[in-house]
Amino acid sequence: MSELPVSAVLPEVLAALQQAPQVLLAAPTGAGKSTWLPLQLLQQGGFDGRIIMLEPRRLAARNVAQRLAEQLGEEPGATVGYRMRAESRTGPHTRLEVVTEGILTRMLQQDPMLEGVSLVILDEFHERSLQADLALALLLDVQQGLRDDLRLLIMSATLDNARLRARLPDAPLIVSEGRSFPVERRYASLAPQLPFDEAVAREVTQLLRAEPGSLLLFLPGVGEIERVKHQLTSRVDKDTELCPLYGGLPLAAQRRAILPAPAGKRKVVLATNIAETSLTIDGIRLVVDSALERTARFDARSGITRLQTQRISQASMTQRAGRAGRLSPGICLHLISREQAERAAAQGEPDILQSDLSALWLDLLQWGCHDVGQLRWIDEPPAPALLAAQKLLLQLGAVNESGQLTAQGRAMAKLGSEPRLAALLTAAQHRDAQATAARLVAMLEEPPRQGSRNLSDHLFISHHGWQQRARQLLRRLNATGGELDITLAPALLAQAFPDRLARRRGDSGRYQLAGGPGAMLDHDDALTRHEWLIAPQLLQSDAQAEARILLALPVDIAALQRDCPGLVRSETDIEWDEDKGTLRAWQRDKIGVLALKSVPLAKPDAEVLHPAMLRWIREKGLSVLNWTPEAQQLRLRLDCAAQWIPEESWPKMDDETLLAMLERWLLPEMNGVRDIKGLRQINLVGALLHLLTWSQRQRLDSALPTHYTVPTGSRLPIRYDSEKPPALAVRLQEMFGEAQNPAIAEGRVPLVLELLSPAQRPLQITRDLAAFWQGAYPQVQKEMKGRYPKHVWPDDPASAQPTRRTKKYAAPQ
């Protein structure tokens with residue numbers, strides 16, 4: 001083991017950890033950074049306390065801990081242990097602990113000092129998991145304010161060094177040698193005339209026939225794994241085992257994929273990107289990389305996560321190729337052309353930029369942080385996702401209107417579960433409800449992959465993993481006993497998934513969610529006979545316009561209203577009556593967007609009508625208002641002001657921002673408005689000015705005026721455009737005597753002059769009037785003298801008298 005490449009930099013790593021609070025280690029695949037280095041740090045680092053190592057994936061965490069323990073001749077739970085959701089192998093003598101699944105975050109929340117811990121290792125940091133980014137931000141906060149003796153080692157095969165160095169400029173960067181054995185990287189595009197699974201199977205079969213050894217095949221998801229496995233079954237010989245490997249497999253099946261093939265056999269491991277990092281699959285010398293991955297992207301507007309299949313980054317290609325060089329020289333075949341591979345992104349997009357941030361925001365509130373700018377991030381959490389997270393936590397009762405944690409929110413945060421699932425657990429107020437809630441959460445954390453989509457069909461199934469996790473959750477609730485009761489499930493789920501209540505529309509398996517989006521079941525699914533469902537598990541793919549319901553529970557809506565009266569709100573809605581061409585008002589009892597009861601209103605008060613009209617505008621869009629050319633130009637002027645005079649805090653003028661702020665700018669102008677006619681009569685110029693301070697109005701009129709006065713005194717309109725420079729159409733003769741090009745934005749932006757003939761026809765376009773006078777003007781002068789002989793065409797226009805008249809009336813002024 002001492003011959004591993006990382007052993008060469010061990011003295012440098014030990015020295016750096018003695019001197020610096022943070023150390024960066026870039027060590028390629030196979031260098032031994034995960035399965036050898038932590039033991040050396042434990043034995044030679046001089047650390048009095050424990051070492052915690054964060055692994056982003058559960059399978060890798062268990063595998064790394066097992067290999068580290070084996071080197072000491074022990075089983076996990078002695079010197080080396082691991083902890084993850086629903087599974088723990090640690091003991092009183094554990095000094096090196098591999099953790100994942102937010103365990104490190106829980107440790108920090110329970111003990112910000114991290115008493116007894118000397119070193120924290122963030123392994124495979126290039127994956128940029130949400131938990132890893134959060135852990136780094138919290139650890140840096142701890143180092144700065146509480147523990148200047150705590151050490152932090154950030155490791156990866158493909159560190160995004162530029163970004164990390166920008167955030168940690170004083171951290172030493174140590175680079176280890178390359179992989180243990182060379183890997184030949186080949187490239188081949190798939191046959192376009194064949195289905196994906198068949199084309200992949202053909203390339204795999206050809207490589208197996210040409211080369212000895214076992215093979216690791218990277219595919220984007222479970223569906224592709226099953227289809228390619230089916231294709232390979234008839235193509236490989238009987239001495240080749242086909243072993244799937246993905247996160248949802250039972251532990252025994254995962255172990256079978258990792259262990260060596262039996263004597264005299266070879267194996268093909270069909271894996272998702274779970275096998276990219278920190279995982280040594282014995283006997284692999286061949287890798288086939290589909291160059292695809294399936295990523296989850298959270299849609300902040302719908303609140304639904306979409307699965308997206310995409311090309312992997314160059315860093316991931318390097319990681320996958322490295323799997324072939326762990327134990328011997330190998331070959332990696334990328335199923336993509338070399339040119340496409342070279343054009344791929346250098347790094348993958350971090351989870352923090354594409355994930356649901358409700359759990360992160362709850363963690364930050366528990367940490368005492370109400371502004372993400374207070375912490376140091378590699379990538380700061382995006383504002384739209386944070387707003388969606390804050391809205392959800394308010395809906396779940398975790399925060400109040402001012403964004404502060406409530407007593408329920410603090411209880412939810414302590415549970416360490418996702419906010420929705422924590423809300424489900426805290427909603428359970430007696431033993432049977434707690435037992436039912438714990439079982440529901442266990443099922444939703446590890447959903448069934450096959451069988452009925454009806455949650456009630458799975459609730460009483462004897463499933464060891466669910467039972468073990470439910471017992472763990474009950475211990476966190478300090479609950480004992482209790483019986484499962486399916487009648488309690490709808491009300492419990494509604495406290496966690498109020499926006500996932502669904503009402504059937506039509507008879508084709510389509511439903512409307514309380515949160516707004518649509519969802520669907522197969523038209524022959526038994527659940528479709530129920531008008532009302534609650535659907536805690538949804539998934540939307542690239543090919544689907546609506547989310548697919550993966551798990552749902554039938555709901556008696558009358559009983560749910562009785563058990564959860566807080567779900568229902570009374571609201572005034574307005575609708576456009578196409579037949580009468582008027583707005584109609586309704587009083588409705590609603591859960592989200594789903595109406596339970598509607599009563600027409602004849603003459604609602606303005607206090608009720610106007611908020612309803614604003615909601616209607618938000619639904620229909622700003623196009624329902626009367627956007628005059630003057631109002632459109634004001635929006636454009638303010639957009640331009642934000643670009644050209646950025647030191648001033650100009651309000652944003654995009655549709656999304658204006659719709660969000662209707663109460664600030666449109667509502668003050670709605671006095672007396674009761675119908676669509678009155679709404680369209682609102683002066684939007686005056687309305688938009690409500691968003692500006694008095695000094696901003698003055699500066700806007702001065703710096704970006706609506707008109708420009710030319711030398712003759714004519715006041716001509718300036719035309720603003722979102723994609724083009726501001727323009728002024730003016731007759732050429734009216735610019736005589738103007739030596740330089742006029743400019744706006746306090747002299748920063750020259751106007752584009754559209755110079756016209758006496759007949760208002762275009763002659764020349766310029767942003768440099770002086771250059772035009774000296775360059776192109778003589779040719780224009782010659783042409784104009786012949787066409788308009790009664791007009792003045794001086795030889796020196798820069799100093800001539802401007803005019804709007806012919807020679808007969810062009811007397812000296």
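Residues numbered from 1 in each chain as written. Predicted model: local features only at pLDDT ≥ 70, side-chain atom pairs only at ≥ 80, totals over all residues. Heavy atoms only, no water.

The name an unreviewed UniProt entry assigns to the protein is RNA helicase, from the organism Mixta intestinalis.

Asks: Would you mind going over the overall build of the protein with me for this structure?
Replies: When its secondary structure is counted, the protein shows 28 helices and 31 strands. Taking the principal axes of its C-alpha atoms as reference, the protein extends roughly 110 × 70 × 60 Å. Burial status across the protein gives 53% buried among its 813 residues. (Helix = DSSP H or I, 4+ residues; strand = E, 2+ residues; numbered from the N terminus. Buried < 20%, exposed > 50% of the residue type's maximum accessible area, 1.4 Å probe, protein only.)

Asks: How should the packing of aromatic side chains be read in this particular structure?
Replies: For any pair of aromatic rings, the description consists of the separation of the ring centres together with the inter-plane angle of the planes. If you walk through the whole model with that rule in mind, you get five aromatic pairs. Taking 6.1 Å as the distance between ring centres and 50° as the angle between the ring planes, the aromatic pair formed by Phe736 and Trp773 counts as tilted. Of this pair, Phe736 sits in the loop between strand E27 (727-731) and strand E28 (743-744) while Trp773 is found in helix H27 (residues 769-774), placing the two residues 37 residues apart along the sequence. Trp773 carries the same exposure label as Phe736, and that label is buried. Where Trp773 meets Tyr777, the ring centres are 5.4 Å apart and the plane angle is 85°; that geometry is what we call edge-to-face. Members of the aromatic cluster, connected to one another through ring pairs, are Phe736, Phe772, Trp773 and Tyr777. (Phe/Tyr/Trp six-rings, centres within 6.5 Å; stacked < 30°, edge-to-face > 60°.)

Asks: Sorry if this is basic, but what is going on with the pattern of salt bridges here?
Replies: Close approach of charged atoms lets side chains of opposite charge pair. Under the counting rule described, the total for this entry stands at 41 salt bridges. Note that Asp522 is salt-bridged to Arg548, the shortest N-O span being 2.9 Å. In this pair, Asp522 is assigned in the loop between strand E19 (518-520) and strand E20 (532-541) and Arg548 in strand E21 (residues 547-554), connecting sequence segments 26 residues apart. One network of salt bridges, in which partners are shared, links Arg569, Glu571, Asp573, Arg588, Lys590 and Arg615. (Salt bridge = Lys/Arg side-chain N within 4 Å of Asp/Glu carboxyl O.)

Asks: Quick question: what am I supposed to make of unusual backbone geometry here?
Replies: Glycine aside, negative phi is the norm for most residues, and most peptide bonds take the trans geometry. Of note in this structure, Leu114 is not a glycine but carries a positive phi near 50°. Assignment of secondary structure puts Leu114 in the loop between helix H4 (103-110) and strand E6 (117-122). With phi around 50°, Glu124 is a residue other than glycine that occupies positive phi space. Position of Glu124 among the secondary structure elements: in the loop between E6 and helix H5 (130-145).

Asks: I'm lost on the nonpolar core in this one. Help?
Replies: One recurring pattern in soluble globular proteins: nonpolar side chains tend to sit buried together. Grouped together as the largest cluster of nonpolar side chains are 96 residues, with contacts concentrated most on Leu104, Val120, Leu122, Leu364 and Leu424. Sorting elements by how many residues they give to this core places H5 first, with 10 residues. Of the domains in this structure, domain 1 (5-175) and domain 3 (379-559) are the two that each give at least three residues to this core. Sequence-distant contacts of Leu104, defined by excluding residues within four places in its chain, comprise Ile52, Leu54, Val99, Val120, Leu122, Ala135 and Leu139. Ala612, Tyr720, Phe736 and Trp793 belong to the second largest nonpolar core, which has 66 residues in total. (Core = buried A, V, L, I, M, F, W, Y, C linked by side-chain atoms within 4.5 Å. Domains from an automatic or database assignment. Contact = heavy atoms within 4.5 Å.)

Asks: When you look at helix H21 (residues 629-644) in this model, what are you seeing that I'm missing?
Replies: Taking 1.5 Å as the rise per residue, H21 with 16 residues should run 22 Å; its terminal C-alpha atoms sit 22 Å apart, in good agreement. Residues of H21 that are buried make contact with helix H22 (655-660), helix H25 (684-688), helix H26 (694-703), E28 and strand E29 (749-750). (Expected span 1.5 Å × (residues − 1).)

Asks: Sorry, what's going on with the pairing of strand E14 (residues 292-299) here?
Replies: The side chains of a regular strand alternate between the sheet's two faces. In the sheet, E14 pairs with strand E15 (residues 304-311) via eight bridges, with the strands oriented antiparallel. Across the sheet, the residue bridging to Arg294 is Thr309, located in E15. Hairpin geometry of E14 and E15 is characterised by an intervening segment of four residues between the two adjacent antiparallel strands and by a positive phi of about 75° at Gly303. (Pairing = 2+ DSSP bridges.)

Asks: What's the story with the sheet that holds strand E10 (residues 214-218) in this structure? I'm lost.
Replies: Sheet strands associate in pairs through backbone hydrogen bonding, adopting either a parallel or an antiparallel arrangement. Strand order in the open sheet formed by six strands is E9-E16-E13-E10-E12-E11, and the pairing between neighbours is parallel. Each having just a single partner strand, strand E9 (183-187) and strand E11 (240-245) make up the two edges of the open sheet. Neighbouring strand axes in the sheet, compared pairwise and without regard to direction, differ in orientation by 15° on average. Bridging between E10 and strand E13 (residues 284-289) involves five bridges; their strand directions are parallel. (Axes fitted to C-alpha atoms, helices over the stretch in contact; angles between N-to-C directions.)

Asks: Sorry if this is basic, but what is going on with the sheet that holds E27 here?
Replies: In spatial order, the strands read E25-E26-E27-E30-E31; together these five strands make up an open sheet with mixed pairing. Each edge of the sheet is formed by a strand with only one pairing partner; in this case those strands are strand E25 (707-709) and strand E31 (762-766). Within this sheet the neighbouring strands show an average axis-to-axis angle of 30°, counted without direction. Relative to strand E26 (residues 715-719), E25 runs antiparallel, the two sharing three bridges. Paired with Thr709 across the bridge in E26 is Arg715.

Asks: Just checking my understanding: could you explain the packing of H4 against helix H12 (residues 358-367) for this structure?
Replies: The description of two helices packed together rests on the angle between their axes and the distance between the axes. The interhelical angle for the contact between H4 and H12, taken along N-to-C directions, is 20°, at an axis separation of 10 Å. Taken as axis vectors, H4 and H12 run roughly parallel relative to one another. Judged by the twist between their axes, the crossing of H4 over H12 is left-handed. Every residue of H12 that contacts H4 at Thr105, Leu108 and Gln109 is listed here: Asp363, Gln366 and Trp367. (Parallel < 35°, antiparallel > 145°, perpendicular 65-115°, else oblique. Left-handed = near helix turned anticlockwise from the far one by under 90°.)

Asks: Any chance you could explain the side chain of Gln354 here in plain terms?
Replies: As for its placement among the helices and strands, Gln354 is situated in the loop between helix H11 (338-343) and H12. If we ignore the near neighbours within four places in the chain, the residues touching Gln354 are Ala296, Arg297, Phe298 and Glu349.

Asks: Where do I start with the environment of Ala389 in this structure?
Replies: Within the secondary structure, Ala389 sits in helix H13 (residues 383-395). For Ala389, a relative accessible area of 1% corresponds to the buried category. Each C-alpha atom, one on Ala389 and one on Gly303, is 9.2 Å from the other, the two residues being 86 residues apart in sequence. Non-local contacts of Ala389, meaning those with residues more than four positions away in its chain, are made with Leu357, Ser358 and Trp361.

Asks: In this structure, what is going on with the state of the cysteines? I would like to understand it.
Replies: Put plainly, a disulfide is one covalent bond tying together the sulfur atoms of two cysteines. Evaluation of the coordinates by the stated rule reveals zero disulfides. The cysteine Cys243 is free of any disulfide, with Cys332 supplying the nearest cysteine sulfur at 19 Å. For Cys243, a relative accessible area of 1% corresponds to the buried category. (Disulfide = S-S within 2.5 Å.)

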